[in-house]
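Breakdown of the fold
Take a look at the letters that make up each chain.
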Amino acid sequence: MTITEHPLVKSYLAAVARETAGLSPERRNELLADLEEHIAVALAEASASGDDEIRTVLTRLGDPRTIAATALGDEHPAPQASRGRPLALLALLAATGLLTLFAPVLGVLALIGAIWWLWRVPQWRNRDKAIATAAALVPPLFAVAQWVVPAGTLNFGLGAFIPVLLAVPLLPAAAGVYLLRSARRRS
C-alpha cells in the first residue's frame, strides 16, 4: 500500500471530490491528481508514516472546503441548461403534427419554427437533431404533397391516406420523445 492509499488520505481526497462537485469533471480530476501528488511529496518530505504525522500534513494543506472554494472561484461556473426551453421546444415539435393535420399553413409555419429552434439549442448532438428533423418533416411533407398533387394522379383511395393521417401527428411527437431519450442518455 502506498502512502496515498492510506485511509486518512483517501478520506481527505474524497472530501475534496465531494466539495468540488460543481467543477467540470476534467478540472476536478486534474485538481485531485495534483492534490494527490502534492500530498505524496509532502508525506515523503516529512517522512510521515503514522496517523498523527499524516493528519499534520493534511492539516497544513488546508480544509477540503477551502480548497474546493478556491478551485470553484477560479473556474467560471458552467452555464446551467434551462429545462423549460427544451421542453417547450419538444411540445411545439409534437404539436406541429396536429397543427399540420387540422391547419396546414399554421402547422407548416410552426414546424419551420420548431426546427429552427431545435438547431439553435446546443443541448443535442447534430446527429440527434438531424434524426428528429427528418422524423418531423416527412409526414407533413407527404400530407402537403397529397393536397398539392392534382386529384386523380395519386388515386390510392382513403385506405392509403389513413396511414398519413396517423403518421402526421405521431412522427413529430416521436421525434420529441427521441430527443428526450437522447438527452437523458447523454446526462
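What counts and what doesn't
- Residues numbered from 1 in each chain as written.
- Predicted model: local features only at pLDDT ≥ 70, side-chain atom pairs only at ≥ 80, totals over all residues.
- Heavy atoms only, no water.
- Helix = DSSP H or I, 4+ residues; strand = E, 2+ residues; numbered from the N terminus.
- Buried < 20%, exposed > 50% of the residue type's maximum accessible area, 1.4 Å probe, protein only.
- Contact = heavy atoms within 4.5 Å.
- Areas by Shrake-Rupley, 256 points an atom, 1.4 Å probe, with all protein chains shown as cover.
- Salt bridge = Lys/Arg side-chain N within 4 Å of Asp/Glu carboxyl O.
- Axes fitted to C-alpha atoms, helices over the stretch in contact; angles between N-to-C directions.
- Parallel < 35°, antiparallel > 145°, perpendicular 65-115°, else oblique.
- Left-handed = near helix turned anticlockwise from the far one by under 90°.
- Nonpolar A, V, L, I, M, F, W, Y, C, P; charged D, E, K, R; others polar.
- Core = buried A, V, L, I, M, F, W, Y, C linked by side-chain atoms within 4.5 Å.
- pLDDT = per-residue confidence, 0-100.

Attention shifts here to the overall build of the chain. A tally of helices and strands in the chain yields eight helices and zero strands. Along its sequence from the N terminus, the chain presents helices and strands in the succession α-α-α-α-α-α-α-α. Within the chain, buried positions represent 30% of all 187 residues. Pairs at least 24 residues apart make up 64% of the contacts formed inside the chain by residues separated by at least 6 positions. Taken as a whole, the chain presents about 11,800 Å² of accessible surface, with 63% of it coming from carbon and sulfur.

Moving on, we get to the pattern of salt bridges. Summed over all chains, the structure comprises three salt bridges. Residue Asp 52 pairs with Arg 55 through a salt bridge whose shortest N-O separation is 3.4 Å. Highlighted residues: Asp 52 and Arg 55, both in helix 3 (residues 51-61), separated by three residues, approximately one helical turn. In this structure Asp 52 comes out as exposed when scored by relative accessible area, which is 59%. By relative accessible area, Arg 55 is classed as partly exposed at 40%. For Asp 128, the salt bridge goes to Arg 127, with nearest N and O atoms at 4.0 Å. The exposure class of Arg 127 is exposed, given its relative accessible area of 54%.

Attention shifts here to the environment of Leu 23. Residue placement: Leu 23 occurs in the loop between helix 1 (7-19) and helix 2 (25-45). Sequence spacing of Leu 23 and Leu 72 is 49 residues, and the spatial spacing of their C-alpha atoms is 6.5 Å.

Next up on the list: the packing of helix 1 against helix 2. Where helix 1 contacts helix 2, the axes come no closer than 10 Å and their chain directions differ by 150°. Here helix 1 lies roughly antiparallel to helix 2, going by the angle between them. At the point where helix 1 passes helix 2, the crossing takes the right-handed sense. Each of Val 9, Tyr 12, Leu 13, Val 16 and Ala 17 in helix 1 lies in contact with helix 2, whose residues at this interface are Arg 28, Leu 31, Leu 32, Leu 35, Glu 36, Ile 39 and Leu 43. For the contact of helix 1 with helix 2, a count of residues per class yields 10 nonpolar, no polar and two charged.

Before going further, it helps to examine the packing of helix 1 against helix 3. Between helix 1 and helix 3, the shortest axis-to-axis distance is 10 Å and the interhelical angle comes to 25°. When the axes of helix 1 and helix 3 are compared, the pair comes out roughly parallel. The way helix 1 lies across helix 3 gives a crossing that is right-handed. Contacts between helix 1 and helix 3 pair Leu 8, Val 9 and Tyr 12 from the former with Asp 51, Ile 54, Arg 55, Leu 58 and Leu 61 from the latter. Tallied by class, residues from the contact of helix 1 with helix 3 come to six nonpolar, no polar and two charged.

On to the nonpolar core. One finds Val 9, Tyr 12, Val 16, Leu 35, Ile 39, Leu 43 and Ile 54 to be the most contacted residues of the largest nonpolar core, which totals 17 residues. Contributing elements (two or more residues each) for this core: helix 1, helix 2, helix 3 and helix 4 (64-74). Judged by nonpolar contacts, the second largest core, of 13 residues, contains Leu 118, Val 121, Trp 124 and Leu 179.

We now examine the confidence of the model for the chain. Across the chain, pLDDT averages 76, with 73% of residues at or above 70. Element-level mean pLDDT values for the chain span from 68 in helix 8 (residues 158-186) up to 88 in helix 1. Long-range and interchain partners of residues 77-81, a stretch whose pLDDT sits below 50, account for zero contacts in this model, where long-range means more than four residues apart.

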